Amino acid sequence: MTFIQVPPALGNQFDEDRVLRSYLARVLPDEVRRDVSPALSELGALAGGELYTLQLADRLNVPVLTPWDPWGNRIDHIEVTAVWKRAAVLAAEYGLVAVPYERKHGPLSRIDQFARVYLFNPSTDVYSCPLAMTDGAARTLTLHNHPEVSARALPHLLSRDPAHMWTSGQWMTERTGGSDVGLTETVARQDPDGTWRLHGTKWFSSATTSEMALTLARPEGNPPGGRGLALFYVETHDAAGHLQRIAVHRLKDKLGTRKVPTAELGLEGTPAVALAGLSGGIRAISPMLNITRTWNAVCAASFMRRGVALARDYARRRRAFGAALADKPLHLDTLAGLQAESEAGFHLTFRAVELLGREEGAEATEEERTLLRLLTPLVKLTTARQAAQVTSEVIECFGGAGYVEDTGLPTLLRDAQVLPIWEGTTNVLALDALRAMGDTSAVRALHGEVAALAAEVRDPALVTVARAALTAVEHALHTARAHMADAPSEAEGLARLEGDARRIGLTLGRSLALALLARHADWSLVHEGDARARSAAMRFARNGVDLLGATLDLADARRLAMDEG
Ligand code: MFK
């Protein structure tokens with residue numbers, strides 16, 4: 001007897017997404033929802049159909065760097081994959097960057113945009129990377145308003161014409177490392193005619209095929225550290241199509257995101273324009289970081305959703321021990337836990353998206369602005385860790401098939417694994433969250449948000465979990481305050497705070513996710529008669545939101561971490 005396993009299949013990824021559809025029903029007025037739904041449905045069909053098929057067929061292709069042409073000219077041409085070429089066209093046509101700048105639906109335009117991205121991302125081999133940086137560049141240019149650069153670049157970045165649209169790079173990481181950007185070695189020198197030229201090496205330049213980049217360099221004579229850096233705008237090619245004194249040394253051989261042409265670049269006198277003065281570059285580029293971190297969260301939510309969709313479909317098809325996996329209590333319990341993580345991550349992410357839309361149109365209150373500053377790192381770090389864990393479990397849901405390359409499943413895990421690393425690691429983001437919490441109004445805003453969500457909930461079971469979320473937030477905030485108040489010195493207090501930063505950040509992120517999920521579940525019960533979001537909230541609470549655990553002991557951590565006697 002032959003035994004052939006049936007592969008998982010995907011339908012229309014919008015029509016089948018209860019969580020996305022229910023969320024849009026709550027937050028969008030009917031006329032807005034009617035207006036945005038056709039594009040979402042088309043993207044859902046593409047994501048589950050043409051793009052998914054193309055992605056599987058294109059699995060083995062990777063970007064190829066050709067350093068020289070046959071006649072000895074240095075060209076450093078990078079040929080991207082078929083999925084990337086198709087994704088570039090669709091991204092422009094569906095306005096994946098343009099939508100929030102067109103602002104057709106005011107602050108809700110960010111929700112429209114990121115719903116599109118959420119559908120598009122899992123079927124397009126991380127083409128979200130250049131798009132995220134393009135959005136970040138557009139936002140940064142908008143805020144700094146360098147008239148000539150904005151007039152030249154913004155129409156390209158925001159174009160819906162694939163032939164006209166540019167993408168942007170974000171070149172920050174150097175050989176000195178990716179987290180401590182203040183160590184940047186690239187130097188900016190000025191020609192007698194006033195042109196700035198950059199000299200240095202950019203060590204992780206994602207999506208090197210972009211037409212422009214925002215980058216950091218130290219104007220000659222500036223002091224060391226982050227403050228001595230300036231933000232520069234670079235166009236990668238001249239009018240004749242030649243790289244502007246940029247050498248592509250090699251493409252990185254990475255664990256995942258293998259379709260993203262990540263390069264080591266030599267800047268050998270590359271012309272550049274100072275965008276925002278000649279110092280304070282890290283501060284000047286931070287709007288870009290906050291946008292790409294939001295994209296990171298949307299992509300994390302979308303990878304979780306894709307993984308669970310595949311595992312759920314497979315559970316209906318795969319039989320073992322005399323029954324479908326969908327009839328096996330332990331498998332069902334596992335899938336339910338993954339769905340709960342995915343659903344909580346979705347609501348957490350889209351809360352940041354809502355606030356971003358309001359901030360950009362100046363609709364946000366001061367409280368909402370400070371809340372967004374704190375939520376951006378919390379949302380990024382929380383969802384990225386979730387995505388790495390959920391996609392790992394998803395692989396396991398397929399048994400050995402999940403470990404086999406030509407099922408396409410391992411790519412999901414490898415691509416998700418970058419999310420807690422790039423755009424700031426979990427620990428760096430936890431420290432960024434602490435920096436944001438230095439503003440006590442941000443702390444008050446977060447506490448107020450969770451308290452208000454808990455107060456909105458009416459269903460008794462949801463009241464219990466929403467209150468648990470509030471208790472966990474209070475525990476994290478109390479712990480942070482106690483580290484400073486109880487320490488014998490400020491330095492010791494800061495060390496204790498840093499030692500607990502990851503647990504504090506994850507507790508705050510997961511607690512807010514729970515409160516948001518509980519509030520949505522309450523709404524869904526009343527307005528849709530649907531109890532599934534309530535099940536997700538109860539399950540997510542059981543998965544755990546308060547990660548603080550035992551009291552911090554830094555000396556003990558050192559002994560254990562470094563294996564010291
Ligand atoms: C699927 C989605 C795809 C996404 C695309 C990914 C493409 C991948 C390309 C990359 O990976 S690019 C590399 C990404 N690198 C990082 O994310 C850097 C990680 N490190 C940090 O974020 C550090 O926290 C940081 C470099 C910012 C710390 O540097 P410093 O020199 O210690 O900076 P400092 O003094 O803390 O901050 C400098 C100023 O910036 C301060 O303002 P002031 O000058 O007014 O005091 C900060 O308040 C401000 N700042 C820093 N981070 C901020 C911020 N302001 C707002 N938001 C932030 N996030």
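Draft legend 1. Molecular detail of the overall build of the chain. When you go through the chain residue by residue, the secondary structure sums to 18 helices and 11 strands. In terms of C-alpha radius of gyration, the chain reaches 24 Å, essentially the compact-globule figure of 24 Å for 565 residues. Taking the principal axes of the C-alpha coordinates as reference, the chain spans close to 70 × 70 × 60 Å. Within the chain, the proportion of its 565 residues that are buried is 56%. For the chain, the proportion of contacts with a sequence separation of at least 24, taken over those separated by at least 6, is 74%. About 23700 Å² of surface is accessible on the chain, with carbon and sulfur atoms providing 54% of the total. One finds the centroid of the 61 positive side-chain charges in the chain at a distance of 3 Å from the centroid of its 68 negative side-chain charges.

Draft legend 2. Region of interest: helix H8 (residues 147-157). Among the residues of H8, Val149, Ser150, Ala153, Leu154, His156 and Leu157 are the ones counted as buried. Down the axis, H8 shows its buried residues gathered within 155 degrees of arc, on one side only. Opposite the buried face of H8, at more than 90 degrees from it, the exposed residues are Pro147, Glu148 and Ala151. Buried residues along H8 sit against helix H7 (128-144), strand S3 (168-171), strand S6 (212-219), strand S7 (230-235) and strand S9 (263-274).

Draft legend 3. Focus on the site of the ligand. The full set close to the ligand counts 27 residues, and Arg227, Arg283, Asn290, Arg293 and Arg435 are the nearest of them. Residue Arg373 places a side-chain N or O atom 3.4 Å away from a nitrogen atom belonging to the ligand. Within the complex, 81% of the 1200 Å² of free accessible area of the ligand lies under protein. Looking at the shell around the ligand, the elements with two or more residues in it are H7, helix H9 (281-317) and helix H13 (426-437). Ranked by the residues each element gives to the shell around the ligand, the list is headed by H9, at eight residues. Of the residues assigned to the shell around the ligand, the class counts are nine nonpolar, 11 polar and seven charged.

Draft legend 4. Seen up close, unusual backbone geometry. The phi dihedral of Asp125 falls on the positive side, at around 50 degrees, and the residue is not glycine. Along the chain, Asp125 turns up in the loop between helix H6 (109-120) and H7. The residue Ala362 is not glycine, and still its phi comes out positive at about 60 degrees. Inspection of the secondary structure assignment puts Ala362 in the loop between helix H10 (329-360) and helix H11 (366-397).

Draft legend 5. Broad picture of the packing of H7 against H8. Interhelical geometry of H7 versus H8 gives an angle of 150 degrees and a closest axis separation of 10 Å. Taken together, the axes of H7 and H8 lie roughly antiparallel to each other. H8 is crossed by H7, and the crossing has left-handed handedness. Residues Thr134, Ala137, Ala138, Leu141 and Thr142 of H7 form the contact with H8, whose participating residues are Val149, Ser150, Ala153, Leu154 and Leu157. For the contact of H7 with H8, the class distribution of residues is seven nonpolar, three polar and no charged.

Draft legend 6. Expanded view of the domain arrangement of the chain. Domain boundaries assigned for the chain yield domain 1 (168-282) and domain 2 (438-561). For domain 1 versus domain 2, the distance between C-alpha centres works out to 38 Å.

Draft legend 7. Fine view of the environment of Pro287. By the element assignment, Pro287 lies in helix H9. Remark: the alpha-carbon pair of Pro287 and Gly11, spanning 276 residues in sequence, is separated by 36 Å. When residues no more than four places from it in sequence are discounted, the contact partners of Pro287 are Arg139, Thr140 and Leu143.

Draft legend 8. How the structure looks around the environment of Leu462. On the secondary structure map, Leu462 appears in helix H15 (residues 460-486). For the pair formed by Leu462 and Met133, sequence separation is 329 residues and the distance between their alpha carbons is 38 Å. Apart from residues lying up to four places away in sequence, Leu462 is in contact with Val457, Ala518, Ala521, Asp522, Leu525, Arg534, Ala537 and Met538.

Reading guide: rules and limits
- Sequence order as written defines the numbering, with residues in each chain counted from 1.
- Confidence filtering applies because this is a predicted model: local features only for residues at pLDDT of at least 70, side-chain atom pairs given and counted only at 80 or more, and all residues used for totals across whole chains, interfaces and linings.
- Hydrogens are left out, water is left out, and the side-chain values use all remaining heavy atoms of the structure.
- Secondary structure elements follow DSSP: runs of H or I no shorter than four residues count as helices, runs of E no shorter than two count as strands, and numbering proceeds from the N terminus.
- For the radius of gyration, the atom set is restricted to C-alpha positions; the globular benchmark scales as 2.2 Å times the number of residues to the power 0.38.
- Three labels apply to residues, based on accessible area from a 1.4 Å probe with only protein chains included: buried if under 20% of the type maximum, exposed if over 50%, partly exposed otherwise in between.
- In this analysis, two residues are considered to be in contact whenever any of their non-hydrogen atoms come within 4.5 Å of each other.
- The accessible surface values rely on the Shrake-Rupley method and a 1.4 Å probe; as for residues, cover is taken only from the protein chains in view.
- We count Lys and Arg on the positive side and Asp and Glu on the negative side, and we leave His and both chain ends out.
- To locate a charge, take NZ of a lysine, CZ of an arginine, CG of an aspartate or CD of a glutamate.
- The arc in question is the one spanned by the directions pointing from the helix axis to the C-beta atoms.
- Any residue with a heavy atom positioned within 4 Å of a molecule or strand is treated as near that molecule or strand.
- Here a polar contact is recorded for every N or O atom pair within 3.5 Å, except that within protein the pair must consist of a potential hydrogen donor and a potential acceptor, and residues adjacent in sequence are included only if both atoms are side-chain atoms.
- Residue polarity is assigned by list, with Asp, Glu, Lys and Arg as charged and Ala, Val, Leu, Ile, Met, Phe, Trp, Tyr, Cys and Pro as nonpolar; anything else, Gly included, falls into the polar class.
- For every element, the axis is a line fit to its C-alpha atoms; helices are fit only across the contacting stretch, and the angle between N-to-C directions ranges from 0 to 180 degrees.
- Roughly parallel refers to an angle under 35 degrees, roughly antiparallel to one over 145, roughly perpendicular to one between 65 and 115, and oblique to any angle outside these ranges.
- Note on convention: near helix rotated counterclockwise from far helix by under a right angle means a left-handed crossing. Clockwise means right-handed.
- Just so you know, the domain bounds were taken from an automatic or database domain assignment.

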